[in-house]
Amino acid sequence: MKTITVQELADRFSLEVLAGCNHMHRTIGKSRTYRPGLEFVGYFDFFPQEHVQVLGKKEITYLHKLDLDERKQRIGNIVKYHPPCFIVTANQEGLTYLTKYCEEEQIPLLRTGATTTEFMGRLDAYLTKTLAPQIAIHGVCLNVSGIGIILRGKSGVGKSETAHTLIRRGHRLVADDIVVLKKLSPQTLLGTHDENTKELLALRSIGLINVSRLYGRKAFQEETRIVLDIELTKWQENALNNELELEQKYTEYMDVKIPHIEIQLQPGRDVAGLIEAAANSWYLRQQGYSAAEDFMKRLKMD
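All of these numbers come straight from a predicted model, not from anything done at the bench.

Draft legend 1. Highlighting the sheet that holds strand E4 (residues 53–55). Spatial ordering of the open sheet is given by E2-E6-E5-E4, a layout of 4 strands whose pairing is mixed. Looking at which strands have only one partner, the edges of the open sheet turn out to be strand E2 (16–19) and E4. Put simply, the sheet's adjacent strands are angled 30° from each other on average, direction ignored.

Draft legend 2. Focus on the pattern of salt bridges. The final tally for this structure, using the stated rule, is 13 salt bridges. Of the charged contacts in the structure, one is a salt bridge between Glu16 and Arg111, with a shortest N-O distance of 3.1 Å. With Glu16 in strand E2 and Arg111 in strand E6 (residues 109–111), this pair connects stretches of sequence that are 95 residues apart. Using a relative accessible area of 37% as the deciding quantity, one classes Glu16 as partly exposed. Measuring nitrogen to oxygen at the nearest pair gives 3.8 Å for the salt bridge that ties Arg32 to Asp124. Within this pair, whereas Arg32 is found in the loop between strand E3 (27–28) and E4, its partner Asp124 is found in helix H5 (residues 116–131), the two being separated by 92 residues in sequence. Residue Asp124 is classed as buried on the basis of its relative accessible area, which comes to 9%. Look at the salt bridges and you will find they share partners, linking Arg169, Asp270 and Glu276 into a network.

Draft legend 3. Just empty space enclosed by the protein, in detail. One pass over the structure, following the stated rule, counts 1 cavity of 30 Å³ or more. The calculated volume of the largest cavity comes to roughly 40 Å³. Around the largest cavity, the lining residues are Phe40, Leu55, Leu63, Ile75, Ile78, Phe86 and Leu98. Its residues assigned to classes, the lining of the largest cavity shows 7 nonpolar, no polar and no charged.

Draft legend 4. Quick look at the nonpolar core. Leu142, Ile149, Leu201, Val211, Ile230 and Ile275 are the most contacted members of the largest nonpolar core, which has 28 residues in total. Put simply, the parts of the chain that give this core at least two residues each are strand E7 (134–144), strand E8 (147–153), helix H6 (159–168), strand E11 (200–203), strand E13 (223–234), strand E15 (256–265) and helix H8 (271–286). Excluding residues within four positions of it along the chain, Leu201 makes contact with Ser160, Ala163, His164, Ile167, Leu173, Asp176, Gly207, Leu208, Ile209 and Val211.

Draft legend 5. Up close: the layout of surface pockets. Size it by volume and the second largest pocket reaches roughly 230 Å³. If you go around the second largest pocket, you meet 13 residues; those closest to its centre are Gly156, Lys159, Ser160, Ala202 and Arg204. Every element with two or more residues in the lining of the second largest pocket is listed here: E7, H6, strand E9 (172–185) and E11. No other element matches the 3 residues that H6 contributes to the lining of the second largest pocket. For the lining of the second largest pocket, the residue count by class is 3 nonpolar, 5 polar and 5 charged.

What counts and how
- Residues numbered from 1 in each chain as written.
- Predicted model: local features only at pLDDT ≥ 70, side-chain atom pairs only at ≥ 80, totals over all residues.
- Heavy atoms only, no water.
- Pairing = 2+ DSSP bridges.
- Helix = DSSP H or I, 4+ residues; strand = E, 2+ residues; numbered from the N terminus.
- Axes fitted to C-alpha atoms, helices over the stretch in contact; angles between N-to-C directions.
- Salt bridge = Lys/Arg side-chain N within 4 Å of Asp/Glu carboxyl O.
- Buried < 20%, exposed > 50% of the residue type's maximum accessible area, 1.4 Å probe, protein only.
- 1 Å grid on protein atoms, 1.4 Å probe; cavity = no way out; pocket = protein on both sides within 12 Å on 5 of 7 lines; lining within 4 Å.
- Points joined across faces, edges and corners; volume = space filled by probe spheres on them.
- Nonpolar A, V, L, I, M, F, W, Y, C, P; charged D, E, K, R; others polar.
- Core = buried A, V, L, I, M, F, W, Y, C linked by side-chain atoms within 4.5 Å.
- Contact = heavy atoms within 4.5 Å.

See below:
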């Protein structure tokens, strides 16, 4: 399971450390934050103690209104579960008592000037991406007309050259050679690069090129949601290549099903154009239109 440290979180969001500065190595492994509520009145049956705990104005105002003994009890009930850290939003003050208990239990206490809703939205998105299960595959990842595509095939089949043609037509490179796939949800797969190959495309006989420097910043994109898996294969003479509509096939990555298309290569074929057509056809399907269904309706009308 992937984890990050509280220190990494503090650095990423420029958080102020109020307590537990010697315990910033504590790890975070859960991708959702949590605002304790019922826990302050002693209900802990479903307390997600492994999550980052966020204290907004509602929680801090409640604690401020308690007398000394009751406040000690309420806070003590939570800190004894040792969550990774507490984060106070909106630069709230008067946290001496909270600082004291966090120091005693060796739990980092952090503070941000952002509002609770804004901060939790940003933090949840960051944790979801950072802690998502991931794998690396061999291929090319592109964004074609807003559609995230994985381009696969055997070494030397022409993946990078095809990607280069698409980039020259105004589409965007995400990753070449090594594509990192992150599972954000049971239905969502994100494609990105591995940092080492960022913006780089390897072309046979030419070598490495930096697409951003060669074609401008619009030629590169950090990440994209993957919706199509396209495999480039050698032309098969006896294969049936003119079906009206193939039964949809899928490729699975970490149990996420992605529609799969095979494009056979032959001298003179506009492979880049076919990939553009596949991307646009997928988009139309999401809008409820199928060219094959349209054609069959016309036949019935005749």
